Amino acid sequence: EASVLGAAALRSTNTTQNYLYANMSRLSAAVIDSSRAMELLSFVARDVDVRISITSAKTRYAFAVGGVQIDQQAIRSDSKVPVVLCPTPVKQPQPTIQFLAWKDNIRSKPGIDFLDYIALQ
């Protein structure tokens, strides 16, 4: 009987209560000089994937970005190309940025989060 109760308790802590999934093919932002109506810097992230899964025991956060490009748009005589950062095209692309964190909801207290695992690649 104890093993049945233990298995039921384990299932209740592993049951997903909330799940968020967002996938954006492209996310853009720009820095603009409003006094001259000129775009100074452009940021583009491609294939953005965000996932959050919450159980009573754990909260899992995952974030991945397929590609990032940053362009400087300011007109300068010393700038030969506007691209500041851009991934090199490859046959089998991998995410440029990946982040993963597992929060222990049982050990966490108000104002203090206990993380079991955190990774940035």
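Check the entry above for the structure.
Residues numbered from 1 in each chain as written. Predicted model: local features only at pLDDT ≥ 70, side-chain atom pairs only at ≥ 80, totals over all residues. Heavy atoms only, no water.

(A) The arrangement of the pairing of strand β1 (residues 18-33) in detail. As defined by bridge partners, β1 adjoins strand β2 (residues 38-54) across 15 bridges and the pair is classed as antiparallel. When the sheet's bridge partners are listed, I32 is paired in β2 with E39. (Pairing = 2+ DSSP bridges. Helix = DSSP H or I, 4+ residues; strand = E, 2+ residues; numbered from the N terminus.)

(B) Representation of the packing of aromatic side chains within the structure. For the structure shown, the criterion picks out one aromatic pair. Pairing W102 with Y117 gives two aromatic rings, centres 5.6 Å apart and planes at 50°, and the pair type is tilted. Residue W102 is located in strand β5 (residues 97-109), and its partner Y117 is located in strand β6 (residues 112-120); the two are separated by 15 residues in the primary sequence. (Phe/Tyr/Trp six-rings, centres within 6.5 Å; stacked < 30°, edge-to-face > 60°.)

(C) Quick peek at the pattern of salt bridges. Scanning all chains against the criterion turns up five salt bridges. Its salt-bridge partner being D116, residue K58 comes within 2.1 Å of it at the nearest N-O pair. Here the residue K58 occupies a position in strand β3 (residues 58-72), and D116 occupies one in strand β6, the gap between them amounting to 58 residues. Assessed through its relative accessible area of 34%, D116 is described here as partly exposed. (Salt bridge = Lys/Arg side-chain N within 4 Å of Asp/Glu carboxyl O. Buried < 20%, exposed > 50% of the residue type's maximum accessible area, 1.4 Å probe, protein only.)

(D) Structural view of unusual backbone geometry. Positive phi, close to 55°, is recorded for D47, a residue that is not glycine. Turning to its location among the elements, D47 is positioned in strand β2.

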